[in-house]
Amino acid sequence: MDLTKKEIEELQEKLIIVYRFVSQQKKLKKFFYDGIEVEYNLLDDKGFLNKLIELDDSEELLKSCIIELEDMKGVGKSLNNREFQEFMMKQDWNSLYEKYNMKTMDDVNKLDLKMLMEIL
């Protein structure tokens, strides 16, 4: 799939938001609901976000995609684990939320994830 630089940037931003959302949900589930079966009622029309939360290795999958897109941007060398964490910390979450018309992380279902679903 050939993507323009703008499409790569947009896809990476959406992946970053989804990664953060999935990571937070998994941490909350592990901390509060360890050993209890929990169903998420996300307004995700395809069930995509629910499936990502339930997958054991979804964070690693999303992380790999984010790193690969960073490589595609041709910014430099590939990110290692520490650099990835620094990269995530540098994100301007308020501007990302505003750009995608989100008020909080819970509005992740407002993202158009069609291209993301095609790639994954």
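For the structure itself, look to the data block above.
Residues numbered from 1 in each chain as written. Predicted model: local features only at pLDDT ≥ 70, side-chain atom pairs only at ≥ 80, totals over all residues. Heavy atoms only, no water.

> I'm lost on the packing of helix H3 (residues 58-72) against helix H4 (residues 81-89) in this one. Help?
For any two helices packed against each other, the geometry comes down to the angle between their axes and how far apart the axes lie. The interhelical angle for the contact between H3 and H4, taken along N-to-C directions, is 85°, at an axis separation of 12 Å. Put simply, H3 runs roughly perpendicular to H4. Within the contact between the two elements, H3 uses Lys63, Ile66, Ile67 and Glu70 and H4 uses Asn81, Phe84 and Phe87. The class makeup of the residues in the contact of H3 with H4 is four nonpolar, one polar and two charged. (Axes fitted to C-alpha atoms, helices over the stretch in contact; angles between N-to-C directions. Helix = DSSP H or I, 4+ residues; strand = E, 2+ residues; numbered from the N terminus. Parallel < 35°, antiparallel > 145°, perpendicular 65-115°, else oblique. Contact = heavy atoms within 4.5 Å. Nonpolar A, V, L, I, M, F, W, Y, C, P; charged D, E, K, R; others polar.)

> In this structure, what is going on with a nonpolar patch on the surface? I would like to understand it.
A surface patch of nonpolar side chains, amounting to about 360 Å² of accessible area, comprises Leu28, Phe31 and Phe32. Within the fold, phenylalanine 31 resides in helix H1 (residues 5-32). (Patch = residues over 30% accessible without salt bridge, like charges linked within 9 Å, V, L, I, M, F, W, Y side chains within 5 Å. Areas by Shrake-Rupley, 256 points an atom, 1.4 Å probe, with all protein chains shown as cover. Salt bridge = Lys/Arg side-chain N within 4 Å of Asp/Glu carboxyl O.)

> What's the story with the pattern of salt bridges in this structure? I'm lost.
Where charged atoms from two side chains of opposite charge come close, those side chains can pair. Following the criterion strictly, the structure yields five salt bridges and no others. Here glutamate 13 makes a salt bridge to lysine 99, at a shortest N to O gap of 2.7 Å. Placement of the pair is glutamate 13 in helix H1 and lysine 99 in helix H5 (residues 93-99), with a sequence separation of 86 residues. For glutamate 13, a relative accessible area of 10% puts it in the buried group. The salt bridge partner of lysine 73 is glutamate 70, with a shortest N-O separation of 3.0 Å. Judged by its relative accessible area of 18%, lysine 73 is buried. (Buried < 20%, exposed > 50% of the residue type's maximum accessible area, 1.4 Å probe, protein only.)

> How should the nonpolar core be read in this particular structure?
Nonpolar side chains in soluble globular proteins tend to end up buried together. Residues Leu15, Ile17, Val18, Val108 and Leu111 are the most contacted members of the largest nonpolar core, which totals 33 residues. Looking at this core, the elements with two or more residues in it are H1, helix H2 (48-54), H3, H4 and H5. Sort the elements by how many residues they give to this core and H1 lands first, with nine residues. Sequence-distant contacts of leucine 15, that is, excluding residues within four places in its chain, are made with Leu62, Cys65, Ile66, Leu69 and Leu116. (Core = buried A, V, L, I, M, F, W, Y, C linked by side-chain atoms within 4.5 Å.)

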